[in-house]
Amino acid sequence: MTRQPSLPPIAVIGAGFSGTMAALQLLSVLPPERPVLLCERSGSFARGLAYGTGNPAHLLNVRAANMSAFPDRPDHFEEWLAGADLGEGVVRTPAGTFVARGHYGSYLTDLLTAAVTGPGVPRLRLVNDAVVDLEPRAGGFVLRTEGGQTHRAAGAVLAMGNLAAAAPKSRHSLDPWAPESFGRLHPHAPVLIVGTGLTMLDAVASLRTQGFSGAILALSRRGLLPNAHAPADLWPVPDLTRPTSPP
Ligand SMILES: Cc1cc2nc3c(=O)[nH]c(=O)nc-3n(C[C@H](O)[C@H](O)[C@H](O)COP(=O)(O)OP(=O)(O)OC[C@H]3O[C@@H](n4cnc5c(N)ncnc54)[C@H](O)[C@@H]3O)c2cc1C
């Protein structure tokens, strides 16, 4: 007989990569009576900042071969890729295959969907709201959301990503992650990008995708660009089961 989830849940706050995978791993290791509550404020689960982009030119900066969500199943992401009908956003190079970050978000979405709709009594509940308070109580917490929901939780995982950057000092700066930002630019006037790292590459890809044909100047203190990947062996899977002893 299937046991009902009757215990208070473990709450996971934030459903980017970390929160989504924490929820899935908790489901696999906790007893069936223990449900999991996954809370996300953006309206979009299993994507987060990195994998929410819809621009196929925004690529993973890690080879597909090293992006499995499961350390004990290193081929999992590549197997998903082989079975997915992706169209654009798959770049094969001598150094390996690099795919669009949006595709990786679809991979995580598929994993989460399978957990929510799988057979048996549902143990994973999605809360589509911002968590604004966690109040310690005997045996756990009371969690409150912006929309006024309250939930008891036996424990909580905070997976809320990085804090927002300080507001830009210049009124001429744009949010590089807001899709509408680049549409506001004059199509030919030059653009200055402060910084020459991976976000600069994304910004250039966004500008070119939107048909911007003007000059782009990228400025940094050191003038260094990200290194291109060279052909390399796969990373060995670390053995996380044995504690390392101090030297
Ligand atoms: C542009 C970019 C590209 C990257 N590319 C790669 C890559 O190619 N390969 C790689 O391995 N890593 C990459 N990374 C690193 C990447 O950030 C991490 O791998 C991972 O995605 C981080 O996930 P996270 O869940 O910790 O944070 P986030 O993705 O930031 O997720 C946090 C989530 O918490 C939610 N949240 C926050 N506060 C609350 C609240 N109070 N209530 C409810 N929800 C809340 C947010 O809405 C968000 O969805 C990249 C990062 C960036 C920014």
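What follows covers the side chain of R34. Inspection of the secondary structure assignment puts R34 in the loop between α1 (17-29) and β2 (36-39). No salt bridge is formed by the buried R34, whose closest oppositely charged neighbour, E33, lies at an N-O distance of 7.8 Å.

In this fold, S42 is placed in the loop between β2 and α2 (48-51). By relative accessible area, which is 51% here, S42 ends up exposed. Along the sequence, S42 and D129 sit 87 residues apart, while their C-alpha atoms lie 7.6 Å from each other. Among the polar contacts made by the side chain of S42, one reaches the side chain of E40 at a distance of 2.8 Å.

Two aromatic rings, taken as a pair, are described by how far apart their centres are and by the angle between their planes. Applying the stated rule across the entire model yields seven aromatic pairs. Joined through ring pairs, the aromatic side chains of F17, Y51, F77, W80, Y104 and Y107 make up one cluster. Between R73 and the ring centre of F70, over which it is positioned, the NZ or CZ distance is 5.0 Å.

What follows concerns the domain arrangement of the protein chain. Along its sequence, the protein chain is carved into domain 1 (10-158) and domain 2 (165-226). For domain 1 and domain 2, the distance between their C-alpha centroids amounts to 29 Å. In this assembly, six residues from domain 1 lie in contact with six residues from domain 2. In this assembly, domain 1 packs against domain 2 so that about 500 Å² is buried in total across both faces, 54% of it on carbon and sulfur atoms. Together, L49, N55 and H58 form the three largest contributors to the area buried by domain 1 at its contact with domain 2, with a combined 60%. Between domain 1 and domain 2 we count one salt bridge in total. The salt bridge involving R101 is made with D202; its shortest N-O contact spans 2.7 Å. For the side of domain 1 that touches domain 2, the per-class residue count stands at two nonpolar, three polar and one charged.

Conventions adopted
Residues numbered from 1 in each chain as written. Predicted model: local features only at pLDDT ≥ 70, side-chain atom pairs only at ≥ 80, totals over all residues. Heavy atoms only, no water. Helix = DSSP H or I, 4+ residues; strand = E, 2+ residues; numbered from the N terminus. Buried < 20%, exposed > 50% of the residue type's maximum accessible area, 1.4 Å probe, protein only. Lys, Arg positive; Asp, Glu negative; His and termini not counted. Salt bridge = Lys/Arg side-chain N within 4 Å of Asp/Glu carboxyl O. Polar contact = N/O pair within 3.5 Å; in protein donor to acceptor, adjacent residues only side chain to side chain. Phe/Tyr/Trp six-rings, centres within 6.5 Å; stacked < 30°, edge-to-face > 60°. Lys NZ or Arg CZ within 6 Å of the ring centre and 35° of its normal. Domains from an automatic or database assignment. Contact = heavy atoms within 4.5 Å. Buried area = accessible area lost by both parts, 1.4 Å probe. Nonpolar A, V, L, I, M, F, W, Y, C, P; charged D, E, K, R; others polar.

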